[in-house]
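Descriptive analysis of the structure
Chain by chain, the residues:
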Amino acid sequence: MTGPALRYDGVSVGYQGTAVLTHVDLDVRAGQRLALVGPNGAGKSTLIKSVLGLVPVLAGQASVLGADPSAARGQAGYVPQTDTLDADFPVSVRQVVMMGRYRRIGWWRPARAADRRAVAEALDRVGLADRAGHRFGTLSGGQRQRVLLARAIASEPRLLLLDEPFNGVDAVSQDEIVRVLRELSAGGAALVISTHDLGVARDLADVVCLLNGRQWAVGAPSEVLTAEKLRMTYGGHVVDVADGQMMLVEP
Amino acid sequence: MSWWDDALHRAVAEVVLAGALAGLIGVHVVVRRLSFFTMALTHATFPGIVLASIIGVNIMLGGVVAGGIVAVGVVALTRRRGQDASAATGVLLSAGFALGAALVATQSGFSRDLSSFLVGSILTVGTQDLVVTAVVLVVVAVGLTVGARPLLQIGFDRSGAQAAGLAIGRWDLLLLLTIQVVVVTMVPAVGTILAVSLIVAPAAAARLWSDRLPVVTALSIVFAVGSGLVGLWISSRWNVAAGASISLTATAVLAASWLPARLRTAVVRLPVAPAGRA
Amino acid sequence: MIAPFELPFMARALAEIALLAVICGPVSVFVYARRLAFVSDAMTHTVFPGVVIGFVAGGLEGLVVGALVAGLLTAVVLTLLTRGGRVSDDAATAVVLTAMFSIGVVLVSRRTSYTSDLTAFLFGRLLTVTADQLVETAVLAGVVLVALLIGARALLFRTFDPAGAAAAGFRVGWLDLWLNVLVALVVVASVRAVGTILVVALLIVPAAAARMVTDRLAVMAVVGTVLIIGAGYAGLLVSWTASLHYGVALTSASSVVLLLVAAYLLLIPVRLLRARRQRRVPSARRSSVHELVG
């Protein structure tokens, strides 16, 4: 693959002409893991939605998989936050993962053996092969997140966006998700992960982007996740650094 | 004597067709939580039907036009963020009902029309109504089968479906318009109350028996057609309004499904902890 | 513009609407905030069997008692059904509505010429309201207002933050029942005089229209009340003029509702202007058809 999977140059994004997030410069290549870090309301989800072509780019140059974001709609994989989903909906785990194949198999054609295999493999990779027949809503929060990850895997995306994948997730599921994400990027996928967990960002990402209304810093975790830059991003909140551990303390 | 037999036969055929139609669309209404919208549609198509009969055009056309306006209005209102869709639907319901009633009241002998609008007149169904219902049934069945995957994806995960490139606004509108066509088809024969009852109750009952959409859909159709036939039989046996007895049969099916489901969940929940009063 | 209201029956009709305005303004605010539009619509239908049984058993006096029993029964049933059952709230509401209404239809269809009963139930008899009925409405209105004032703070807390209210020791289930009972009482108080068409509009439209102009609940209640009185006055006048001078049989209930809806539509631009001025960042969550029923 040539060129970056995702490239933003001085981009502003927002709704109805009002910018939510400005000054975004990103360059994510195949196999890279980018973490979007910032407080709640910083614009992380908005940025992800702009990559998906769901929120307009108001200024600057944006390219997603070599095209304009709106033209690239449906090309990037997306893992939404699980709490936006209808837990009552009568849909099995296997069906949810099969949705990742819908773009390939279309509306009408029955799923082929290859599709079924891709679904089974994706579920196996997230460690939920035994839950395929369960209703989605009966799983725990962490398991739901893993099912959505399996759906993204089944769609074999070159660029995968995850919106707060570690929110409300138990430790076992978190380790499982981190492992799968590493495997995916080793396989050549570019990943964009939004999180407010600095520890996860440091451990998982190759590149960290600090956001709060605008982009404050971008670069390797060791360069960006410093007390000074975090304080700048989070405003008045105090950051303590001890033995490489960081803590955000409310003022 | 023979004409009476004929009317009853036609009523049976209409109940079977309308039941299948209601069971089919009902699954979408229940899982997408569109019962109130359906109720509002039955009332909002009312002025269209009345106006059509006053100016002498096909009443189904009037209903479709009025319902289409409402469906578009609801989609427009729900797409604008921060609007309360429940209240907006309620306003549309009130407006449609009042307008229809006002139009009816300008005609003489209107109370007869009003009550047949509410409870229908299944025993006066003509061959033409049967044909229309059958055609709509085929079209809706084909449409829902072709659109099954997008509808499933959108119903379960809107933002994911949007990210996957689906035009969810267009699909929403399509679903609402389909519900509306079903409602308009059913109302002349079975009335508004029965239309809502036959769409919602069998599907809600079927949902209690299974988590799998194909099974839920099949059960829903069976329940709807079954309630229709049993209700019709009760109606002719004890001389009560057909629409009402069918609706009560459908309710009985739901109640009979609800009790075992309630017991199942009670048994499942028991070992965990006694549920709080929240 | 005053002359028609010098006639006693027009004055009584206006007084009835004014009484209802005083309770429907505040109650509709809660209906709006708790998204009980469908529940309100259901109540107006479920009192029907009560009305029929009450009328058969005790004539006009039994009618209110029957409606009261049916209304309270529905309030209890809906409160129970909408708590944690597997049937989703709106489906449960729809089924209760259709089932109860069907019972009413079965009851009237056993008698001859039931169509006029249905018509009276739909339209009410606003122009034949008696002084006794006014007193009845006033008493029920007083009860509703007192109950609303006592419960207002708890109801607001529960509306805004159910989990927080439960944690603070409020019984959310009882609060829900409280509000449902209030809605039922409003329906019972008004259905005989103004009919279901008008009751359902009075419970839904005023707050929805007032919401266009203000964000504050207390102001919404006042604006809602004013809107009802205004629409009631104008509606009665319009239907009076139409039938007297133009020979058009325009039912007063319908014209009041249509004027209320017109007010709602006219106020939409105000809402849009205000939204533009505030420029709030919209949250992208759950702006879906799922929300058709709250």
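Scroll up for the structure.
Here goes a summary of the coordinates provided. Please read these numbers as outputs of a predicted model, since none were measured by experiment.

1. Remarks on helix 4 (residues 113–125) of chain A
Residues and elements named next belong to chain A. Between its first and last C-alpha, helix 4 extends 18 Å over 13 residues, near the 18 Å set by a 1.5 Å rise per residue. Every buried residue belonging to helix 4 is among Asp 115, Ala 118, Val 119, Ala 122 and Leu 123, and all of these are buried. In a view along the axis of helix 4, the buried residues occupy a sector of 130°, so they form one face of it. Seen from the buried face of helix 4, the exposed residues on the opposite side, beyond 90 degrees, are Ala 113, Arg 116, Arg 117 and Asp 124. For helix 4, the secondary structure elements touched by its buried residues are helix 2 (93–99), helix 3 (102–105) and helix 5 (141–154). Directly beyond the C-terminal end of helix 4, a positive phi value near 75° is found at Gly 127.

2. As for empty space enclosed by the protein
Residue and element names in this part refer to chain C. In this structure the tally under the stated criterion is 4 cavities of 30 Å³ or more. Forming the boundary of the largest cavity are Glu 16, Val 64, Gln 133, Glu 136, Thr 137, Leu 140, Val 188, Ala 189, Arg 192 and Ala 193. Of all the elements in the fold, those that place two or more residues in the lining of the largest cavity are helix 5 (131–160) and helix 7 (172–210).

3. What to know about a nonpolar patch on the surface
Residues and elements named next belong to chain B. A surface patch of nonpolar side chains, about 640 Å² in accessible area, is lined by Leu 51, Ile 54, Ile 55, Val 57, Leu 61, Val 65 and Ile 69. Contributing elements (two or more residues each) for the nonpolar patch: helix 2 (35–55) and helix 3 (59–79). Within the secondary structure layout, Ile 54 lies in helix 2. The class for Ile 54 is partly exposed, based on a relative accessible area of 36%.

4. Examining the pairing of strand 9 (residues 215–219) of chain A
Residue and element names in this part refer to chain A. As judged from the 4 bridges shared by strand 8 (residues 207–211) and strand 9, these two strands associate in the antiparallel manner. Residue pairing across strands places Val 208 opposite Gly 219, the latter belonging to strand 9. Here strand 8 folds back onto strand 9 in antiparallel fashion, the turn holding 3 residues, of which Gly 213 has a positive phi close to 80°.

5. Observations regarding the environment of Pro4(C)
All names here are of chain C. Note on placement: Pro 4 falls in the segment before helix 1 (8–33). Exposure remark for Pro 4: the relative accessible area of 11% places this residue in the buried category. Placed 237 residues apart in sequence, Pro 4 and Thr 241 show a C-alpha to C-alpha distance of 9.0 Å.

6. A word on helix 3 (residues 89–109) of chain C
Over its 21 residues, helix 3 of chain C runs 30 Å from end to end, which matches the ideal 30 Å to within 8%, given 1.5 Å per residue. The buried fraction of helix 3 of chain C amounts to 18 of the 21 residues, a majority that puts the element mostly inside the structure.

7. Details of the sheet that holds strand 2 (residues 18–28) of chain A
Residues and elements named next belong to chain A. With respect to topology, 3 strands assemble into an open sheet ordered 2-1-4, the strand pairing being antiparallel. The strands lining the two open edges of the sheet, one partner per strand, are strand 2 and strand 4 (57–64). Pairwise comparison of adjacent strand axes, ignoring direction, gives a mean angle of 25° for this sheet. Relative to strand 4, strand 1 (residues 6–15) runs antiparallel, the two being bridged by 6 bridges.

The rules behind each value
- Starting from 1, residues in each chain are numbered consecutively following that chain's sequence as written.
- Written order determines the labels here, with chains lettered from A and ligands numbered from 1.
- A pLDDT threshold of at least 70 governs which residues receive local features in this predicted model, and a stricter bar of 80 or more applies before side-chain atom pairs are shown or counted, although totals over entire chains, interfaces and linings include all residues.
- Excluded from the side-chain calculations are hydrogens and water; all other atoms, namely the structure's heavy atoms, are used.
- Only DSSP runs of H or I with at least four residues qualify as helices, and only runs of E with at least two residues qualify as strands; both kinds are numbered from the N terminus onward.
- Between the first and last residue of a helix there are one fewer steps than residues, each counted as 1.5 Å, and that sum is the expected span.
- Relative accessibility thresholds used throughout: buried, under 20% of the residue-type maximum; exposed, over 50%; partly exposed, between the two (1.4 Å probe, protein chains only).
- To be clear, the arc concerns the directions from the helix axis to the C-beta atoms.
- Two residues qualify as a contact provided that any one of their heavy atoms is within 4.5 Å of a heavy atom in the partner residue.
- Lining residues are those with an atom within 4 Å of a point, where the points come from a 1 Å grid over the protein atoms alone and group into cavities, where a 1.4 Å probe fits but cannot get out, or pockets, open sets with protein on both sides within 12 Å along at least five of seven lines.
- Grid points are joined across faces, edges and corners, and a volume is the space filled by probe spheres set on the points.
- Patches here are clusters of residues that have more than 30% relative accessible area and form no salt bridge, with a 9 Å joining cutoff for like charges and a 5 Å cutoff for nonpolar side chains (Val, Leu, Ile, Met, Phe, Trp, Tyr).
- Computed with a 1.4 Å probe, the accessible areas rest on the Shrake-Rupley method; for each residue, only the protein chains presented here act as cover.
- Every case where a carboxyl oxygen of Asp or Glu lies within 4 Å of a side-chain nitrogen of Lys or Arg is listed as a salt bridge.
- Paired strands are those between which DSSP finds at least two bridges.
- Axis definition: a line fitted to C-alpha atoms, limited for helices to the stretch in contact. Angles are taken between N-to-C directions and run from 0 to 180 degrees.

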